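For reference, the chains in residue letters:
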Amino acid sequence: MRTLIASTMLVFSCLTASMASAETKPLNVGMTTWVGYGLLHLADQKGFFKENGVDVSLLTVQDKPSTAAAIATGRLDGWATTVDTFIFYNADKLGIKQVLAVDFSKGGEGIVAAGDVKTIADLKGRKLGAEEGSSTYFFMLNMLADNGMTTKDVNLQSMRAGDAGAAFAAGRLDAAATWDPWLSKAKERGGHILASTADKPGLIVDTVAFRSDVIKERPDDIKNFIKAYFEAYDYWKSSPDEANAVMAKALGIGADEFNASLAGLEFVSREKNRDYIGSAAKAGQVVDVTERGIAFYKQAGLLKDDFAASGVVDVGPLDAALGQ
């Protein structure tokens, strides 16, 4: 589920002014209001960033094009978003590198389908709604490719992911690439969840990326940012109820809504970060996912320029944070 839980919008003129006056030059990290970024908020609220000697400002920016523009012009130092978003906006051109994975989707996104659509192959020629450039679209592209198909094999209807879910529920689509609550509502129409991210771990993942110049000029700050995230992870594991309450309050949502959303994701541990981001000795899963995504988006006409998947990941900060 990647609906806008809160309506807070960032006014970039204020951001520019605050950055200009800041003496400590905080790491300004943009993100949407999403439960998967909860541990970053927990690290902020519990003082883990400060305890590790790094000043961090978490800024809510619901509009991705505006966030990309802020990165490109240096108004943001970092961006927390999905790996597929970094592909869509060409992280190489933006000059940013992913350094930390914060959450895996495990059922939060998927494809709902009518009862007579039993397999992905059954989608051939059927009316399928999806939002280009979204995480649900990326999931759909991967599922089609796994079955030897492309968007040319379906009757693709371009619409926002939430609208696709609603159109499916109303019987106007045979299938929809969407998220909750529409996944949960599939049965109301006599449909079912054809596939979800629970079936494809590591495909839809939120990571944090920083501008390459910031990584180079402020290596200790990036290292300590990551260390603080892992301290928040440890705190959440040891005191989940208290941690969840802190995160829900920071995100401006109720505890019940937070806990329901949490069921569709997995916060990423040290060990799984090592597997996903990789190390100097071995490339992580993110490289494979990115290579595949580049090919998909170029084929779909959503990405004009090719780039090296390994070039938009930097394992150095994670190595440093883990004492490698």
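Conventions used here
Residues numbered from 1 in each chain as written. Predicted model: local features only at pLDDT ≥ 70, side-chain atom pairs only at ≥ 80, totals over all residues. Heavy atoms only, no water. Pairing = 2+ DSSP bridges. Helix = DSSP H or I, 4+ residues; strand = E, 2+ residues; numbered from the N terminus. Axes fitted to C-alpha atoms, helices over the stretch in contact; angles between N-to-C directions. Contact = heavy atoms within 4.5 Å. Phe/Tyr/Trp six-rings, centres within 6.5 Å; stacked < 30°, edge-to-face > 60°. Buried < 20%, exposed > 50% of the residue type's maximum accessible area, 1.4 Å probe, protein only. Lys NZ or Arg CZ within 6 Å of the ring centre and 35° of its normal. Core = buried A, V, L, I, M, F, W, Y, C linked by side-chain atoms within 4.5 Å. Parallel < 35°, antiparallel > 145°, perpendicular 65-115°, else oblique. Nonpolar A, V, L, I, M, F, W, Y, C, P; charged D, E, K, R; others polar. Salt bridge = Lys/Arg side-chain N within 4 Å of Asp/Glu carboxyl O.

Enquirer: Give me the sheet that holds strand S9 (residues 192-196): which residues, what numbers.
Expert: One open sheet holds the five strands; their spatial order is S7-S6-S8-S5-S9, and the pairing between them is mixed. Of all the strands in the sheet, just strand S7 (155-158) and S9 have a single pairing partner and so form its edges. Going across the sheet, the axis of each strand differs from the next one's by a mean of 30°, ignoring polarity. Of the strands in this sheet, strand S5 (109-113), strand S6 (127-130), S7, strand S8 (175-179) and S9 touch helix H7 (residues 135-146), which is tilted by about 65° from S5. In this fold helix H8 (residues 161-169) packs onto S5, S6 and S8, with an angle of close to 130° to the strand it touches most, S8.

Enquirer: For the environment of Val 56, give the residues involved together with the corresponding values.
Expert: The residue Val 56 is located in strand S2 (residues 56-60) in this model. For the pair Val 56 and Leu 40, spaced 16 residues apart in sequence, the C-alpha separation works out to 9.8 Å. If we skip the residues at most four places from it in the chain, Val 56 touches Pro 26, Leu 27, Asp 44, Phe 49 and Phe 225.

Enquirer: With reference to specific residues and values, describe the sheet that holds strand S10 (residues 205-211).
Expert: Strand order in this open sheet of six strands is S2-S1-S3-S10-S4-S11, and the pairing throughout is mixed. Of all strands in the sheet, those with a lone pairing partner are S2 and strand S11 (265-267), marking the two edges. Here the average twist between neighbouring strands, direction ignored, is 30°. Each of strand S1 (27-31), S2, strand S4 (96-105), S10 and S11 is contacted by helix H10 (residues 219-238), which is oriented at about 10° to S4, the strand it contacts most. Against the sheet, helix H13 (residues 270-277) makes contact with S4, S10 and S11, and its axis sits at roughly 125° relative to S4, the strand it touches most.

Enquirer: Please give an account of the packing of aromatic side chains that cites residues and values.
Expert: On inspection of all chains with the given rule, the structure shows twelve aromatic pairs. Between the aromatic rings of Phe 210 and Phe 225, the centroid separation amounts to 5.2 Å while the plane-to-plane angle is 85°, which identifies the pairing as edge-to-face. In this pair, Phe 210 is assigned in strand S10 and Phe 225 in helix H10, connecting sequence segments 15 residues apart. For Phe 210, a relative accessible area of 0% corresponds to the buried category. A network of ring pairs unites the aromatic residues Trp 79, Phe 86, Phe 88, Tyr 89, Phe 138 and Tyr 297 as a single cluster. Directly above the ring of Phe 168 sits Arg 189, whose terminal nitrogen or CZ lies 4.3 Å from the centroid.

Enquirer: An account of the nonpolar core is requested, with residue identities and associated values reported.
Expert: The biggest cluster of nonpolar side chains holds 98 residues, and the ones touching the most others in it are Leu 40, Ile 111, Phe 225 and Tyr 229. Look past the residues within four positions of Leu 40 in its chain and what remains in contact with it is Met 31, Phe 49, Leu 58, Ala 80, Val 102, Val 208, Phe 225 and Tyr 229. Core analysis: the next-biggest nonpolar cluster, separate from the first, contains eight residues, Val 112, Ala 164, Ala 167 and Phe 168 among them.

Enquirer: So what's going on with the packing of H7 against helix H14 (residues 285-299)? Which residues, and what values?
Expert: Here H7 crosses H14 at 90°, and the two axes come no closer than 11 Å. On the basis of the axis angle, H7 is roughly perpendicular to H14. Counting all contacts with H7, which are made through Tyr 137, Phe 138, Leu 141, Asn 142, Ala 145 and Asp 146, the residues of H14 involved are Val 289, Arg 292, Gly 293, Phe 296 and Tyr 297. Residues of the contact of H7 with H14, tallied by class, amount to seven nonpolar, two polar and two charged.

Enquirer: Any details on the pattern of salt bridges? Residues and values, ideally.
Expert: Scanning the entire structure with this criterion turns up 13 salt bridges. We note a salt bridge from Arg 211 to Asp 77, for which the minimum N-O separation is 3.2 Å. Placement of the pair is Arg 211 in strand S10 and Asp 77 in the loop between helix H4 (64-72) and strand S3 (78-82), with a sequence separation of 134 residues. Here Arg 211 matches Asp 77 in class, with each residue buried. One salt bridge connects Arg 270 with Asp 234, and the closest N-O pair in it is separated by 2.8 Å. One end of the pair, Arg 270, is in helix H13; the other, Asp 234, is in helix H10, with 36 residues separating them in the sequence. With a relative accessible area of 28%, Arg 270 lands in the partly exposed category. Through salt bridges with shared partners, a single ionic network connects Asp 77, Arg 211 and Asp 213.

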